[in-house]
Every structure is written in C-alpha cells, then in structure tokens.
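In case you want the letters, here they are:
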Number of protein chains: 2
Amino acid sequence: MEGVISGTALVASRSAAVAAEVDRAFDALLTVPDDPRARLYEAMRHAAIGGGKRLRPLLVRAASDLFNISRESALRVGLAVECIHVYSLIHDDLPAMDDDDLRRGKPTIHKAFDEATAILAGDCLHDLAFQLLADEETHPDPFVRIELVKALAAASGPAGMAGGQMMDLEAEGASFDLATVTRLQQLKTGALIAFCVDAAAIMARIPSEGRTSLHGYARDIGLAFQIADDLLDVEGDVAVAGKALGKDQAAGKETFVSLLGVERAREQARILVQQAKAHLHAHGTQADLLRAIADYIVERDR
Amino acid sequence: MEGVISGTALVASRSAAVAAEVDRAFDALLTVPDDPRARLYEAMRHAAIGGGKRLRPLLVRAASDLFNISRESALRVGLAVECIHVYSLIHDDLPAMDDDDLRRGKPTIHKAFDEATAILAGDCLHDLAFQLLADEETHPDPFVRIELVKALAAASGPAGMAGGQMMDLEAEGASFDLATVTRLQQLKTGALIAFCVDAAAIMARIPSEGRTSLHGYARDIGLAFQIADDLLDVEGDVAVAGKALGKDQAAGKETFVSLLGVERAREQARILVQQAKAHLHAHGTQADLLRAIADYIVERDR
C-alpha cells in the first residue's frame, strides 16, 4: 500500500541514517594527533568507523522516540554504548580471548596493528564512552548524566557484559544447562541492549517502577538476538557475517542451538519477538521502530 | 622535638592508614559470587587488595585536607583512581605489553590466572572506577560527581594515561628527546596524579582558575615521581621494589636518567620537589601532608 512502510524498510532506512551519523561523529571525535599517539587513534578509528549494524545506537534512538528525546542526546548515548560494544569486540578478538582475525569484514585490530595497540585502543574507547556521557552536550541535567554513567558502568562491568564474557570463557567444556546459558547471554549481550532502552527512560526521567514493560522488551529482544546469533553461527555465511562462524561448536560450548536444536531455537526466538512486541502494547506508532527492530533481530543474516 | 612529627613519619602513618582503608573497601566491594564469574572476581581481588604504596588515594586524601572534604568522599575517589591505576598495571604487565611476571612482589594476574582473565579483570576495574564515582555515596551533588567522571575519563584515556602508554610503546628505539620524554611521562603517570589533586578541588567546587597552584604542585610531583622511578629502575633493589627493574635500558628507551645522567636527574627531582612545595605557600599546616608527600616521592626505595 502506498504510504505504508514495512518494518524491514523502516529498520533499513533508520539504521542507515543512524550508521552514517555514528560514523560522522566518530570521525570528528577521533582526530589523529600529530605525535607518537597517532597509531593509537588510527587503531580506534579502524575499529569504530565504518562497520557493524549499529544496532545499539539504533535501539537508543528507537526508545528515545517514545519520549521525544532530542536526536542529539540519543546519538551521543548511542555513541557511548557503541564505544563499549566496540571496545569489547577488540578485547574479545585478541589471541588470548577468541583469537579472531576477521571482524565486520576487516582484519581485527591486533591483526591490522598489533596486540599492545589493540589492548590500548580498547581501553581508550572504554574511557571515551564515559567521557561522552559526562559531557553536558549529551544532556543538560547532570543528574541524568550521572544516572547514565551509573547504568552503563553496571551494564559493561562484572555484573554485566564483562561478567558474561567471563562465563563464556568458563563455558568451554563446562556443559552449562539452559538456565546458565540464558544467564550468560543476559549478561554478555543482554545487559548492554537493556542499557540502550533504559537510557531513553533515564533521559525522560521515568522512575524505575515505570520501566517494567521496557525492561521486558529489552530482555526478550536480547535473548532473541542471541538465539539468532547462535543460529547464524551454525547456518550463516561467513562472507555476509564478516566474521568467523561455527566457533561455539568447535570450542565445545553449549548454546541455545546445541541445547534446543535448530527448530526449537528458531521457534523460541519467534516467541520472544512476539513477547517483546506485546510489552509495547501501551505505546502507539511512536513504538513502531522498536517493534520493527524486534522483527529484524531474528530475520537478519549478519 | 616532642609534638613535632617529621614529614617521613607523617607520610608513613597516613599512608598505612589509607592503605588499610583501601584494602578493607576493596574487600567489601569485590565479594566473590558463587557462579562462573568467581575466577574474574578472584583476579580482581588479587590485583586490587594488599599491595602498592596507595600513593594516589593518599594524594586524594592529602589534597582533600585543604578543603575539609569528608574522609568518606576522599576514600571513594581514592578507590576510583586506584581502580584505574591497578587496571592499567594489569594490562601493562600482559605479554603483549611489558610482559612482566612480578608486581608488588606477587605474580602478575596473567601469571596467577591467565591472559584472558587478566584482560577482563582490568576491564572490570576500569568500569568499577566510574561506578564508584557515579554513586551518591561519593558526593551528594550530582554535578560534582559528573565532573569527577569527566576528569577521570580524560586522565585515563588517550589524552592521558593510555596516550602516554602508547607513546611508551613507540619509545622503543625511537630516541625521544627530553621534551618528548617529559610529555610522555606527563601523560603516562602525571595525568592520574594530577587527577588526584584536581578531584579534591572539584569536590570543594573551586573553579578551574583557582586551581593553578594545585595543578603546578601536581605537575611537579608527577615529574619528580617519574624521575625517581627512572632512578630506581637503574639503581633499585628488585626485592624491595617488588617488580622487575632495568627494563627501560634493556628496551632501548630514553628516560630522564639516560638523557640527563644519574646526577643531573637526581638534582632535577630535588628542584621539582622544592618547586612543588613552593606552589603550596598560600596554604598553612593543612598542606603539610602534601608537602611531606613531595619529599617522600623522591626519597622512597620502591
């Protein structure tokens, strides 16, 4: 029908716009200095610019649509969470961790540069995340900014993403059950996805008791995202994914797919997407992008 | 004279008290969970508890004395800066960086645990620093807390400590001149030392134009500290230092000692300490600990 835009087209167009904004902003933030730190900034640029689905900044924007948060605030929070995501990929790809050569279709940072530079570039993006949130340009209210810092530090630290990565290291040959794999993934990928949605509520000064449905949405799409990732790891195309696949099985790690099988895992992802959208029932068209993202998360091929 | 306490004794007693408080606080903050993240917390505890001079928390406390900042606030800011310092040591000691087996007289984290755990433990202490600053227990005013976050992120990132570490990596065989070595050290160790003093001024809501003398003090003791470190690297005792020595020379890196010679380097450190104390002329006995720290920095043997 004319005038009606499909969910997939909505995600595609908004995602491309957000990705372009993220690239432009990183380009401006990461000017290479004319001194011996040049290599460090070049490594940060290699990792941060030009790649990835930018799902997290898109989620911040989509959740911000619910509360009429400014585009500038949503973009800067999106950049902060992308800094954390990118830093975690750099460290995760290191030889001592997942030992990956390819990321977003390009050589990983320790391959394109060296391990020491990769460690430092990750550390610097980690700092940049908090610098972005602390800056008054992100939000005029210092209380909002400090709440964002608190939430992001919790989501990325040992009770969030990094804790999930530790569980992931321990997963090798540990025969985790479904409850433990679920907990692992809620920390490893879920905490940062939940932050994206929570950040919009923080900026809108919604008290935590008013965020239950948004938290439900975030939890469900976080798990659906991970199941889709596990399915891609088994069935995906390396050229499209832009990273190595089949690694979990090779490492002897239990995943949603190894525990449920392909068919039940796919079905579970579909159920989670329906649940996620049900959490948005009180919202009108302002939640359309959040709904479309939920669908996209299980339909994507990378 | 009775009733008069020497500078050395003052530093020794206050330093021991601060070190005990820091250890107690880390012990309480880093409770090991009963799940697969236990190893991560154990690594963080190994790195953060029981060791080091705790110079940075002591400096925060000493600068806080000038402005009657509460002990609790000074301690929590001291913990945050110590988290950054410890995380940087963990990453710096990794095989891809300085490849050190010994730190504070104990095996380094990647030796006691493994490299992946060391990377993650460093990352988690990095997050913990910002979590500590963002918490209302650190200071009741969110504006003060966000200024602390901003200052610490700047001091630890590419325009601070991590930028200095990158310069240090590039220093190998690069024949840096005195100006470049000074800049390197101002970033690598000076930025975090300056934060310690600056944090007290931020908590006291002193505008930046009123912090000139404190910044001068911090710059001078930062350089004096590094010259003393370079001297220890050449002349120190491994058993007392608790870490490997003689590394700069072995790596072909220029240092204050290689560029100035031992005698002129020692003289320069003494001049810097006198300069540092001169910056405190407007302050009375409240600045005695800061003065004593300046003396201690060049007299220490580890």
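Heads up: the structure comes first, above all this text.
Residues numbered from 1 in each chain as written. Chains lettered and ligands numbered in written order. Predicted model: local features only at pLDDT ≥ 70, side-chain atom pairs only at ≥ 80, totals over all residues. Heavy atoms only, no water.

**Q** Looking at this model, I keep getting lost on the packing of aromatic side chains. Mind explaining?
**A** The tally for this structure, following the rule as stated, stands at one aromatic pair over all chains. For the pair A:Phe130 and B:Phe130, a centre-to-centre distance of 4.5 Å together with 20° between the ring planes defines the contact as stacked. Separated into two different chains, A:Phe130 in helix α6 (residues 115-134) and B:Phe130 in helix α6 (residues 115-134) make up a pair that spans both. Assessed through its relative accessible area of 0%, B:Phe130 is described here as buried. (Phe/Tyr/Trp six-rings, centres within 6.5 Å; stacked < 30°, edge-to-face > 60°. Helix = DSSP H or I, 4+ residues; strand = E, 2+ residues; numbered from the N terminus. Buried < 20%, exposed > 50% of the residue type's maximum accessible area, 1.4 Å probe, protein only.)

**Q** Any chance you could explain the packing of α6(A) against helix α7 (residues 142-156) of chain B here in plain terms?
**A** The geometry of a pair of packed helices is captured by two quantities: the angle between their axes and the separation between those axes. The interhelical angle for the contact between α6(A) and α7(B), taken along N-to-C directions, is 145°, at an axis separation of 9 Å. With respect to the hand of their crossing, α6(A) and α7(B) are arranged in left-handed fashion. Contacts between α6(A) and α7(B) pair A:Asp127, A:Phe130, A:Gln131 and A:Ala134 from the former with B:Ile146, B:Val149, B:Lys150, B:Ala153, B:Ala154 and B:Ser156 from the latter. Considering only residue class, the contact of α6(A) with α7(B) consists of six nonpolar, two polar and two charged. (Axes fitted to C-alpha atoms, helices over the stretch in contact; angles between N-to-C directions. Left-handed = near helix turned anticlockwise from the far one by under 90°. Contact = heavy atoms within 4.5 Å. Nonpolar A, V, L, I, M, F, W, Y, C, P; charged D, E, K, R; others polar.)

**Q** Would you mind showing me how to read unusual backbone geometry here?
**A** Negative phi characterises most residues that are not glycine, and trans characterises most peptide bonds. Even without being glycine, A:Arg54 reaches a positive phi, approximately 55°. Note on placement: A:Arg54 falls in the loop between α2 (38-48) and α3 (55-65). The buried category is assigned to A:Arg54, whose relative accessible area is 2%. The residue B:Arg104 is not glycine, and still its phi comes out positive at about 55°. Note that B:Arg104 resides in the loop between β1 (102-103) and β2 (106-107). By relative accessible area, which is 23% here, B:Arg104 ends up partly exposed.

**Q** Even after reading the chapter, I still don't get the interface of chain B and chain A, so can you show me in this structure?
**A** A common way to state how big an interface is: give the accessible area lost once the parts meet. Of the residues lining the interface, 48 residues belong to chain B; the matching set on chain A comes to 47 residues. Where chain B abuts chain A, roughly 4100 Å² becomes buried across the two surfaces, and 72% of that area is made up of carbon and sulfur atoms. Summed over the shared surface of chain B and chain A, the result is two salt bridges. Among the elements that line the side of chain B that touches chain A, the one with the most residues is α6(B), at 12 residues. Residues belonging to the side of chain B that touches chain A are distributed by class as follows: 28 nonpolar, eight polar and 12 charged. (Buried area = accessible area lost by both parts, 1.4 Å probe. Salt bridge = Lys/Arg side-chain N within 4 Å of Asp/Glu carboxyl O.)

**Q** In this structure, what is going on with the relation of the copies chain B and chain A? I would like to understand it.
**A** The operation linking the two copies of the chain is a rotation about an axis combined with a translation along the axis. With an RMSD of 0.0 Å, chain B superimposes on chain A once it is rotated by 180° and translated 0.0 Å along the axis. Here the symmetry operator amounts to a two-fold rotation axis. Same-surface contact between copies: 98% of interface residues of chain B are shared with the interface of chain A. (Least-squares fit on C-alpha atoms with pLDDT ≥ 70 in both.)

**Q** Would you mind showing me how to read the pattern of salt bridges here?
**A** Side-chain pairing between opposite charges can occur once the charged atoms of the two side chains come close. Residues and elements named next belong to chain A. Within the structure shown, the criterion is met by 49 salt bridges over all chains. Across the pair Asp-93 and Arg-103 runs a salt bridge whose closest N-O atoms are separated by 2.9 Å. Here Asp-93, found in the loop between α4 (71-92) and β1 (102-103), pairs with Arg-103, found in strand β1; they are 10 residues apart in sequence, far enough to count as distant. There is no split in this pair, since Asp-93 and Arg-103 are both buried. Several salt bridges share partner residues, and in doing so they unite Asp-23, Arg-54, Glu-82 and Arg-104 into one network.

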